[in-house]
Amino acid sequence: LVAATPVKQAGYCASKGGVRLFTKAVALECATERNGIRVNSIHPGSIETPIWVKMQNGGDLPEGSNSVDQMMAETRSVAAAATPLGFSGLPEDVAAGVIYLCSDAARFVTGSELVIDGGVYAG
């Protein structure tokens, strides 16, 4: 099936692919130099932030907290339905991944892509 209106995400896809490959290239360069620098990237899915509301409102936050809350609730419902785990992520979910990658627990992790998306990319 072909969508009636193309989504036009070529630029987004190219930049995301560039981040993935750049991460791996820099990770290998740093590893070869034995400089102790680990390089990884984080790829979040639907994370509850005000950008959701801005995207629905022409790039601006609507005036009045009731409007923001209502738009956020509607978007949360759509994101939850599209996520295999059944809910959208929170900024804290991404922060937990960052903390892991910065910790000694990840001392042998470099050149990886940490996908934090509730299973969207898996399916």
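Provided above is the structure to which this section pertains.
What counts and how
Residues numbered from 1 in each chain as written. Predicted model: local features only at pLDDT ≥ 70, side-chain atom pairs only at ≥ 80, totals over all residues. Heavy atoms only, no water. Helix = DSSP H or I, 4+ residues; strand = E, 2+ residues; numbered from the N terminus. Buried < 20%, exposed > 50% of the residue type's maximum accessible area, 1.4 Å probe, protein only. Contact = heavy atoms within 4.5 Å. Core = buried A, V, L, I, M, F, W, Y, C linked by side-chain atoms within 4.5 Å. Expected span 1.5 Å × (residues − 1). Polar contact = N/O pair within 3.5 Å; in protein donor to acceptor, adjacent residues only side chain to side chain. Phe/Tyr/Trp six-rings, centres within 6.5 Å; stacked < 30°, edge-to-face > 60°. Lys NZ or Arg CZ within 6 Å of the ring centre and 35° of its normal.

Novice: For this particular structure, what's the right way to read the environment of Tyr100?
Specialist: Secondary-structure assignment places Tyr100 in helix α4 (residues 91-102). For Tyr100, a relative accessible area of 36% corresponds to the partly exposed category. Contact partners of Tyr100, with chain neighbours within four places excluded, come to Ala105, Ala106 and Val109.

Novice: Honestly, the nonpolar core in this entry has me stumped. Any pointers?
Specialist: Across soluble globular proteins, nonpolar side chains show a tendency to be buried alongside one another. Within the largest apolar cluster, 5 residues are counted, these being Trp52, Val53, Met71, Met72 and Ala79. For this core, the secondary-structure elements that each account for two or more residues are α2 (51-56) and α3 (65-81). Residues within four places of Met72 in sequence aside, it is in contact with Thr49, Pro50, Trp52 and Val53.

Novice: Even after reading the chapter, I still don't get helix α1 (residues 10-33), so can you show me in this structure?
Specialist: Because the α-helix completes a turn every 3.6 residues, residues three or four places apart line up on one side. Along its 24 residues, α1 runs 34 Å from first to last C-alpha, staying within 8% of the 34 Å computed at 1.5 Å per residue. Buried within α1 we find Arg20, Thr23, Ala27 and Cys30. Tucked inside the fold, the buried residues of α1 contact β1 (41-44) and β2 (113-116). Backbone geometry just after α1 places Arg34 at a positive phi near 55°.

Novice: What is the right way to look at the side chain of Arg20 in this model?
Specialist: Within the secondary structure, Arg20 sits in helix α1. A distance of 2.7 Å separates a polar atom in the side chain of Arg20 from a polar atom in the side chain of Glu113. Ignoring sequence-local partners within four residues, the contact set of Arg20 consists of His43, Glu113, Val115 and Tyr121.

Novice: What is the right way to read the packing of aromatic side chains from this model?
Specialist: The geometry of an aromatic ring pair is captured by two quantities: the separation of the ring centres and the angle between the planes. Per the counting criterion, the structure on display carries 0 aromatic pairs. When the ring centre of Tyr121 is taken as reference, the NZ or CZ atom of Arg20 above it lies at 5.0 Å.

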